[in-house]
Protein chains: 2
Amino acid sequence: MCRRVGEKGPLWIADMGTTAAYLNEDQFFSGYTYLILKRHVTELYHLTASERLQMIEELSRVAQALDAAFRPVKMNYELLGNQVPHIHWHVVPRLADDPNPRWPVWTLPHEPHRLSAEATRERVTAVRAALVQIPG
Amino acid sequence: MCRRVGEKGPLWIADMGTTAAYLNEDQFFSGYTYLILKRHVTELYHLTASERLQMIEELSRVAQALDAAFRPVKMNYELLGNQVPHIHWHVVPRLADDPNPRWPVWTLPHEPHRLSAEATRERVTAVRAALVQIPG
């Protein structure tokens, strides 16, 4: 995770400031995005108040961009770190055709859905286009 | 949810400012706490920046209190709202004896574990005692 935030591969969406946004390689839930803190910190309460403020604003902006790009019924925001204890948010727009709309994404086991390079590029571009419309 | 935040039943821990903290009635995961926004809002990006700042500080304080009271390996923070679209955080300390430590709590179906009235009171009191030690 710490290494990843320095990389700008095909899933990279944007540098948000204290965080960087990446499309999840598994797009079974369309628009599923990671927001990864650049600094290595594991818990909210290990951040400074100023970092928390910046991070929540960046999370809100990314979620708003996903809302504009995917028009979900509900947004899900999760900070877990049980396997990778480096602050990263799972930001998941839950769309109208969601196969399991009342429950967290974790309760629906599935094969990862990987997009083609072109479809990945299109999706990243769509989120970026939405993001630039949102005041920073 | 909107009604609940006006109530101070046995699960009520504290009024945090923009939010109120309640112990989850199901204590299968010890310390599982809800942090419920008092105002009816469904998404992060529908809050004002000032509300987001206050809310993230309150979330951080509650999590830090749970850390002090339960000494978890990792804290989980989830804002979902798929069933109840009113901002409420699931704040779950994941302890060393967690039965499913690498995965979100949702992947382990279980019968709710309800504490006795006395055990509930003790647990709420322990979280409150930790909370007053944390600068606001």
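The sections below set out a description of the structure shown in this document. The structure presented is a predicted model; accordingly, all values stated were derived computationally and were not measured.

Attention now moves to the interface of chain A and chain B. Contact with chain A, which involves 33 residues of that partner, is made by 33 residues of chain B. Interface of chain A and chain B: buried area, both sides summed, is about 3300 Å²; carbon and sulfur atoms make up 56% of it. If you sort the residues of chain A by the area they bury against chain B, Tyr45, Tyr77 and Asn82 of chain A come out on top, with a joint share of 22%. The interface formed by chain A and chain B contains four salt bridges. Put simply, Glu43 of chain A and Lys74 of chain B hold a salt bridge, and the shortest N to O gap is 3.1 Å. Counting the contacts that link chain A with chain B gives 26 residue pairs in polar contact (both at pLDDT 80 or more). Those elements giving two or more residues to the side of chain A that touches chain B turn out to be α1 (49-70), β4 (74-79) and β5 (88-94) of chain A. The element contributing the most residues to the side of chain A that touches chain B is α1 of chain A, with 10 residues. Taken together, the residues of the side of chain A that touches chain B sort by class into 17 nonpolar, eight polar and eight charged. Direction of pairing for β4 of chain A relative to strand β4 (residues 74-79) of chain B: antiparallel, over a ladder of three bridges. Each bridged residue has a counterpart across the sheet, and for Glu78 of chain A the counterpart in β4 of chain B is Glu78 of chain B.

What follows covers the sheet that holds strand β1 (residues 12-15) of chain B. Pairing in this open sheet of 10 strands is antiparallel, and the strands run β1(A)-β2(A)-β3(A)-β5(A)-β4(A)-β4(B)-β5(B)-β3(B)-β2(B)-β1(B) from one edge to the other. The sheet is open, and its two edges are formed by β1 (12-15) of chain A together with β1 of chain B, each paired on a single side. Averaged over all neighbouring strand pairs, the angle between strand axes comes to 20°, with direction disregarded. Sheet analysis places β4 of chain A next to β5 of chain A, joined by six bridges and oriented antiparallel. Across the sheet, Leu79 of chain A pairs through a bridge with Trp89 of chain A, a residue of β5 of chain A. α1 of chain A contacts β2 (19-23), β3 (33-37), β4 and β5 of chain A of the sheet and is inclined by roughly 25° relative to β5 of chain A. Together, β2 (19-23), β3 (33-37), β4 and β5 (88-94) of chain B form the strand contacts of helix α1 (residues 49-70) of chain B, whose direction differs from that of β5 of chain B by roughly 25°.

The rules we used
- Residues numbered from 1 in each chain as written.
- Chains lettered and ligands numbered in written order.
- Predicted model: local features only at pLDDT ≥ 70, side-chain atom pairs only at ≥ 80, totals over all residues.
- Heavy atoms only, no water.
- Contact = heavy atoms within 4.5 Å.
- Buried area = accessible area lost by both parts, 1.4 Å probe.
- Salt bridge = Lys/Arg side-chain N within 4 Å of Asp/Glu carboxyl O.
- Polar contact = N/O pair within 3.5 Å; in protein donor to acceptor, adjacent residues only side chain to side chain.
- Helix = DSSP H or I, 4+ residues; strand = E, 2+ residues; numbered from the N terminus.
- Nonpolar A, V, L, I, M, F, W, Y, C, P; charged D, E, K, R; others polar.
- Pairing = 2+ DSSP bridges.
- Axes fitted to C-alpha atoms, helices over the stretch in contact; angles between N-to-C directions.

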